[in-house]
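Next come the chains, spelled out residue by residue.
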Amino acid sequence: MKISRLKVAIILLGTIIVASGKKNKPDYPRAEIKVSYNYHHLALRNDGEVMTSDHNYLLLANTERSKYYNYNNEYIDSLESTPQGRKLHDQLITIGLEQYRKTGDNSAVPHKKGQIYVFKSLKDGITTVYDTYGLGEQGYYDEPITELEWTVGDSTKTILGYECIRAQTDYHGRHWTVWFAPEIPLHDGPWKLCGLPGLILEAADSTGQHSFTATGIENSNQEMYPIYQSDRYDKMDRINMLKAYATYRKNSGAYSRALIMDTPDGTKIEMDAPRQQKDNTQKIDFLETDYHE
C-alpha cells in the first residue's frame, strides 16, 4: 500500500517531536486536572459573511496555576521552534497547497485555529495572555485576575454529571453567564474566566456570539510547558493589542490571498478575485469589545 507524501511528512514530524522530547529540560508545574472545552463563536469571513466556528481547547490546572491552549496550535509552534521542524512544516504547507490546487480542499494546509494562550497564576492573581495581533506579529500582556467580579445566583443545572451553580459578570465589554461546579474545587475555567469557588464548565456571553462548553474532564499529571519562542512576543497593552488586531482583520483578506498564491517553494496558485466585503450588521466582534471605547 502506498503512503501519501502528506502521511510521510507527518510521520517524520512525529519522529522529531519524540526525539526532541527526550532532551534534558527543566521541570514545569504539573496539572491536577485536564478539561477539554469547545469554544463556539461567530466570526466574520474576509468578505464580511458571518460564519460559525468551533475550536477545541484544553485547560491544564492545579490549585495555583493553569494553562489554556489549543493542542494543534502548540504542535505547530513546536515545529516552528527548530530548523528541522520549520523545514518539514514548509513541506506540509506545499503538499497541502498542491491538494488545494487540485481539489479546492484546503484542509490539509497546516493552520492555526485561534492562537491564544492563557496562563493564570492564581496565587499571584495574574493572568498572562499570548496572542497574535497581525500577520506574523505576536504580543503578550499581563492583567490582574481581580478584574473579574462575580454575582452568584441560586439556579443550578447538571453538566457532565456535576451539579453547577450559575454566576454572572460584566467583563471587558461583554456580559457573561457561567456555570461552575463546587464539587471541583479549582477556581478556574476556560479562557480568562476564573475566580469562583469551583471549576467553570460552561460560559456564554449575552449576545450569543461566544460560548465555552466543557466536553470532558480527567485527572492529569501533565506538565504545563511554557509557550514556545516567547522572545518572539512583544510586550503590549491589552487595548492597543486589540486595536492592532482589529486593523489587521480589516485587511486580512489581502494578506491571506497573498500567502496562498505564493507558496514556500516559489510556485504560484491562481485564485478568483475577492468578493466585495459586506457590512457587519450583526456587530460581530472579539471576545473583548472595550477597545472601542
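Enquirer: Run through the sheet that holds strand β2 (residues 50-61), naming residues and quoting values.
Expert: One open sheet accounts for twelve strands, arranged β7-β8-β9-β10-β11-β1-β2-β3-β4-β5-β6-β12; its pairing is mixed. A strand with exactly one partner marks an edge of an open sheet, and here the two such strands are β7 (151-159) and β12 (234-235). Its contacts with the sheet place helix α4 (residues 238-250) against β1 (33-44), β5 (126-134) and β6 (137-144), and it is angled at close to 25° to β5.

Enquirer: Go over the pairing of β2, please, and point to the residues and values.
Expert: Sheet topology note: the β1/β2 ladder contains twelve bridges and is antiparallel. Counted as the bridge partner of tyrosine 39 is histidine 55 from β2. Pairing geometry for β2 and strand β3 (residues 65-69), over four bridges, is antiparallel. Following the sheet pairing, leucine 60 is matched in β3 by lysine 67.

Enquirer: Just give me the short version of the nonpolar core, but keep the residues and values in it.
Expert: The biggest cluster of nonpolar side chains holds 40 residues, and the ones touching the most others in it are Tyr68, Trp191, Leu193 and Phe212. At the level of secondary structure, the elements contributing two or more residues to this core comprise β1, β2, β5, β8 (162-171), β9 (174-181), β10 (199-205) and β11 (210-219). With five residues, β9 is the largest single contributor of residues to this core. If we ignore the near neighbours within four places in the chain, the residues touching tryptophan 191 are Tyr68, Ile116, Val118, Lys120, Tyr171, Trp176, Phe212, Leu287 and Glu288. Counting ten residues, the second-largest nonpolar core is a separate cluster that includes Tyr117, Phe119, Ile227 and Tyr233.

Enquirer: With reference to specific residues and values, describe the packing of aromatic side chains.
Expert: This structure, assessed with the given rule, holds 15 aromatic pairs. With centroids separated by 5.7 Å and ring planes inclined at 80°, the aromatic side chains of tyrosine 28 and tyrosine 225 adopt a geometry described as edge-to-face. Note that tyrosine 28 is positioned in the loop between α1 (5-21) and β1 and tyrosine 225 in the loop between β11 and β12, a separation of 197 residues in sequence. Tyrosine 28 sits in the partly exposed class, given a relative accessible area of 24%. Residue tyrosine 225 is classed as partly exposed on the basis of its relative accessible area, which comes to 30%. Taken together, a centroid distance of 5.4 Å and an interplanar angle of 25° make the contact between tyrosine 130 and tyrosine 140 stacked. In this pair, tyrosine 130 sits in strand β5 while tyrosine 140 sits in strand β6, placing the two residues ten residues apart along the sequence.

Enquirer: Tell me about helix α2 (residues 71-80), and please be specific about residues and values.
Expert: Inspection of α2 places Asn73, Glu74, Ile76, Asp77, Ser78 and Leu79 among the buried residues, and these make up the whole buried set. The N-terminus of α2 is capped by asparagine 70, whose side-chain oxygen sits 2.9 Å from the backbone nitrogen of asparagine 72.

Enquirer: Can you explain unusual backbone geometry? Please cite residues and give values.
Expert: One non-glycine residue, leucine 160, adopts positive backbone phi at about 55°. Here leucine 160 shows up in the loop between β7 and β8. Among the residues examined, leucine 160 registers a relative accessible area of 43% and is labelled partly exposed. A positive phi angle is found at glutamine 229, which is not glycine, with a value near 50°.

Enquirer: How would you explain the packing of α2 against helix α3 (residues 83-103) if you had to name every residue and give the values?
Expert: Here α2 crosses α3 at 120°, and the two axes come no closer than 6 Å. Classified by the angle their axes make, α2 and α3 are oblique. Of the residues in α3, those touching α2 at Ile76, Leu79 and Glu80 are Gly85, Arg86 and His89. For the contact of α2 with α3, the residue count by class is two nonpolar, two polar and two charged.

Enquirer: Quick one: what's the story with the confidence of the model for the protein chain, residue by residue and with numbers?
Expert: Of all residues in the protein chain, 81% attain a pLDDT of 70 or more, and the chain-wide mean is 85. In the predicted structure, residues 1-22 sits below a pLDDT of 50 and forms 23 contacts with residues beyond four places in sequence or in another chain.

Enquirer: Describe the side chain of lysine 67, and please don't skip the residues or the numbers.
Expert: By secondary structure assignment, the location of lysine 67 is in strand β3. Here lysine 67 falls in the buried class, since its relative accessible area comes to 1%. Of the polar contacts made by the side chain of lysine 67, one reaches the backbone oxygen of tyrosine 225; its length is 2.9 Å. Beyond its immediate stretch of four places on either side in the chain, lysine 67 contacts Leu58, Leu59, Leu60, Glu74, Val118, Phe119, Met224 and Tyr225.

Rules behind the numbers
Residues numbered from 1 in each chain as written. Predicted model: local features only at pLDDT ≥ 70, side-chain atom pairs only at ≥ 80, totals over all residues. Heavy atoms only, no water. Pairing = 2+ DSSP bridges. Helix = DSSP H or I, 4+ residues; strand = E, 2+ residues; numbered from the N terminus. Contact = heavy atoms within 4.5 Å. Axes fitted to C-alpha atoms, helices over the stretch in contact; angles between N-to-C directions. Core = buried A, V, L, I, M, F, W, Y, C linked by side-chain atoms within 4.5 Å. Buried < 20%, exposed > 50% of the residue type's maximum accessible area, 1.4 Å probe, protein only. Phe/Tyr/Trp six-rings, centres within 6.5 Å; stacked < 30°, edge-to-face > 60°. Polar contact = N/O pair within 3.5 Å; in protein donor to acceptor, adjacent residues only side chain to side chain. Parallel < 35°, antiparallel > 145°, perpendicular 65-115°, else oblique. Nonpolar A, V, L, I, M, F, W, Y, C, P; charged D, E, K, R; others polar. pLDDT = per-residue confidence, 0-100.

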